[in-house]
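Architecture and fold: a report
Spelled out, the chains give:
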Amino acid sequence: MRKKCFRRALTGIIAAAFILLPAITVQASMPYDTYSYNYWGEEVKEPHSYLYSKTITDRELGSRLSYPQDMFVGNGCLYIADTGNSRVLVTDMEGNIRFEITGLSAPQGIFATEDGHIYVADTGNSRVAEFDEEGLFLREIGRPETTLIADSQEYSPTRVVVDNAGRIYVIAYGINMGLVEFDSSGAFQGFMGATEVSVSTFEYIWKNYFSSEAQQERMETIVPTEYSNIFVDRDNFIYATINNLSNEDRESGADAIRRLNPTGTDVLRRLGNYPIIGDLETVTYGWDWSSFVDVAATDYGCYFILDQTDGKIFAYDNDGVSLFVFGHSGIKEGNFQKPVAIGLNEDESRVYVLDNLLNSILVFDITEYGRNLLDAIRLNSIGDSDGATKKWQAVLSRNSNSELAYVGLGKAYLTEGSYREAMECFELGNSKKYYTKAFSYYRKEMMERYLTKAVGILAVLLIVVWLVRKALRVRKWVGEVRCYMENH
Amino acid sequence: MLYGKSLKYVFHVIFHPADGFWDLKREKRGSLAAALTFVALTIVTLALEKLDTAFLFNDNRLSKVNVMIDAFTVLLVFGLWCVANWCTTSLMDGKGRMKDIIIAMGYALFPVVLIRLPLVLVSYCITAEEGTFYYVFGFIAYAWVAVLVFAGTMMTHEYGFWKNVFTCIITVLGMGILMFIGLLFFNVISEIIVFMTTIYKEIRFR
């Protein structure tokens, strides 16, 4: 009888384990960790924001890719620049092929406008080609007619974007004066957003006064850096990544990503605790810095940067605060070999990453946690603070380490006037900037509540003291008078 | 009673350094017990400051703070200064004994307690914009200590101004040398221990 009971219990436990196990192992089997950087610059693990869901390979695409260089996601399509096969593939969001464009020569960059026109940086043919939504050739924009580029220099466009006004921006190999800008008719407009060369004071003095001729000649190589990739967002701002920075540049805080306005000025907000350079602690371990090869931005200012060094995807909010980091290079399913391009679908529920060596596209699906996090930021950006508060609470229920959520919640408390709660949230979120704001309101409130009472009590006390002293003096005076009277 | 009096005397010392330090030694107004009390209070102040300063002004990570290490740091710097100062001044015909130096230096630390301890409370009442006051007063405490240490050394050893400046510089260098010798000593000792244990093992396991 007892034995039977025991056996039944055992089967029960095993059955329960089998039911529960898949639920537990779903997260554990992800081939990467998700983490973010806290106030102290430490990696803190957090729930996955995106889970690897599948890989789009030649099975869906119909034919094998060969060293693809760029991908654009939009209009419900994936546009792939299949460089090795000198063609462009257009597929649906699941990777089922719609049509392909041939007759190109090693195209490295691709972009599609909202009305479906496809722009290809046709690297081998030194031109940017435009096709309509059916893939029919419309026009080509060749080498810019300018004396600013030496005749001996090859013109090899590698990336292209087009903004809402039809202006065409091109990254061309070996041109370090910035992006090549064409107007909508294809006429060369100029260069835009060149990275300025920053020379430190020490370097300047050394170069001009102390170094020898030979040394000076070698130092001539301080030139502006080229952009590695560009992305145009809804507001016509261009996100541009830079990946060929030296270690010295990184340590001196050079920016590896920019957000250029139409005049070419960098307007990226850098209000986070740490610079936007990907991983923060690489130098201590002797690894390489993150190298940004592509970026994709949401409509509300969050952006996802793709790193080729470790195959990570860094997400930042519009203030430049690190949201989460996921993905990794490796040989497991769901790891990258050499990621080159990243794209988001319209509601960021999916991240597509094109891998140059795997010749395939890896797809990541958003989790409930990630959805809440991004929704909170989105709602905050459109001013719906009530909605945002709910989302932040949902984030906190999954991840009580989320400083971002505490700050978000604190801001909500601040607007509704609960200063004490706001202070607590900001302290947990390590935000001194907002804490001091909440604290000054709180102090004012306390003053208003207690100051009159305190002053009243103090005044009464002073009056009492004054009266007692007066009374004592009167008595003393009376005593003196009496004494005088008695003596005379 | 004498202890209480010598404690109270610190207020005269910090406000009238020249006169105060002179009498501290010649008139025996101070006591070693009082001086060590001030060192202990300084340690307590610095610990409280690290642990209990308000969030706005506290850049320490509380889970990483080790009060014992901070306490030993204060003791080490205090001890090193006193020893180095004694060594230097012995060679430069200073009039102070070791005990006089310790007493003078103990009394000289008091502004830290006097200013920085109340600042811990003040930090709960001010915003970041008013933080300048906080930082200025915090700085004043240390500047005051520096002045007192200088005056204390001068009076204890009966030096002139420039000789005292020179002595203080030599003392700081001396602290460095002491540290170097100390580290060297520990290094050599540990080498010797390793050597001995190796020999022991060789013999033991042969």
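Look a little higher up for the structure.
None of the values given here were measured: they were computed from a predicted structure.

**Topic: the overall build of chain A**
Scanning chain A for helices and strands turns up 11 helices and 25 strands. The buried share of chain A, taken over its 488 residues, is 39%. Long-range pairs, those at least 24 residues apart, make up 45% of the contacts in chain A with a sequence separation of at least 6.

**Some thoughts on the sheet that holds strand β12 (residues 157-162) of chain A**
Residue and element names in this part refer to chain A. With antiparallel pairing, the four strands of this open sheet are ordered in space as β12-β13-β14-β15. Looking at the sheet topology across the chains shown, the edges are occupied by β12 and β15 (188-192). Mean inter-strand twist for the sheet, computed between neighbouring axes without regard to direction, equals 25°. The pairing of strand β14 (residues 179-182) with β15 spans four bridges and is antiparallel. Bridging from a neighbouring strand, V180 pairs with F191 of β15.

**Here's the deal with the packing of helix α4 (residues 32-52) of chain B against helix α6 (residues 98-108) of chain B**
All names here are of chain B. α6 packs onto α4 with a crossing angle of 45° between their chain directions and a minimal axis gap of 8 Å. When the axis of α4 is compared with that of α6, the two are oblique. With respect to the hand of their crossing, α4 and α6 are arranged in left-handed fashion. Taken together, the residues of α6 that come into contact with α4 (itself represented by L32, A35, L36, F38 and V39) are K99, I102, I103, G106 and Y107.

**With respect to the sheet that holds strand β5 (residues 77-82) of chain A**
Backbone-to-backbone hydrogen bonds pair the strands of a sheet. The strands run either parallel or antiparallel. All names here are of chain A. Ordered by their spatial adjacency, four strands build an open sheet running β4-β5-β6-β7, and the pairing between neighbours is antiparallel. The open sheet is flanked by β4 (70-74) and β7 (97-101), the only strands paired with a single partner. Shown here is a sheet whose adjacent strand axes are inclined to one another by a mean of 15°, direction ignored. Of the strand pairs in this sheet, strand β6 (residues 87-92) and β7 are connected by four bridges, and their pairing is antiparallel. Residue pairing in the sheet places V88 in a bridge with I101 of β7.

**Re the interface of chain B and chain A**
Facing the five residues of chain B at the interface are seven residues of chain A. For the side of chain B that touches chain A, a count of residues per class yields three nonpolar, one polar and one charged.

**Some words on helix α9 (residues 403-416) of chain A**
Residues and elements named next belong to chain A. Helix length check: α9 (14 residues) gives 20 Å between terminal C-alpha atoms against 20 Å at 1.5 Å per residue, within 8%. Among the 14 residues of α9, 11 are classified as buried, and the element is accordingly described as predominantly covered. Taken together, the buried positions of α9 are occupied by E403, L404, A405, Y406, V407, G408, L409, G410, K411, A412 and L414. Summarising the contacts, the buried residues of α9 are in contact with β22 (322-326), α7 (368-381), α8 (385-398), α10 (419-428) and α11 (432-487). Positive backbone phi, at 90°, marks G417, one or two positions downstream of α9.

**Some points on α7(A)**
All names here are of chain A. The end-to-end C-alpha separation of α7 is 20 Å, in line with the 20 Å expected for 14 residues at 1.5 Å each. Of all 14 residues in α7, 11 are buried, a share of seventy percent or more. Those residues of α7 that sit buried are Y369, G370, N372, L373, L374, D375, A376, I377, R378, L379 and N380. Those residues of α7 that are buried are in contact with β3 (50-56), β22, β25 (360-366), α8 and α9. Trailing α7 by a residue or two, G383 shows a phi angle of about 85°, which is positive.

**Points about the pairing of strand β10 (residues 127-131) of chain A**
Residues and elements named next belong to chain A. Counting buried positions along β10 yields five of five residues, so the element is predominantly enclosed. Here β10 shows a buried face lined by R127, A129 and F131 and a second buried face lined by V128 and E130. Bridge analysis of strand β9 (residues 118-122) against β10 gives five bridges, and the strand direction is antiparallel. For V120, the partnering residue across the bridge sits in β10 and is A129. Count of turn residues in the β9/β10 antiparallel hairpin: four residues, of which S126 carries a positive phi of about 55°. For β10 and strand β11 (residues 137-141), the ladder comprises four bridges, and the chain directions are antiparallel. From the neighbouring strand, F131 faces β11, where its bridge partner is F137. Between β10 and β11, which pair antiparallel and follow one another directly, the connecting turn spans five residues, one of which, G135, has a positive phi of 90°.

Procedures and definitions
Residues numbered from 1 in each chain as written. Chains lettered and ligands numbered in written order. Predicted model: local features only at pLDDT ≥ 70, side-chain atom pairs only at ≥ 80, totals over all residues. Helix = DSSP H or I, 4+ residues; strand = E, 2+ residues; numbered from the N terminus. Buried ≥ 20, exposed ≤ 12 C-beta atoms within 10 Å, placed from the backbone. Contact = placed C-beta atoms within 7 Å. Pairing = 2+ DSSP bridges. Axes fitted to C-alpha atoms, helices over the stretch in contact; angles between N-to-C directions. Parallel < 35°, antiparallel > 145°, perpendicular 65-115°, else oblique. Left-handed = near helix turned anticlockwise from the far one by under 90°. Nonpolar A, V, L, I, M, F, W, Y, C, P; charged D, E, K, R; others polar. Expected span 1.5 Å × (residues − 1).

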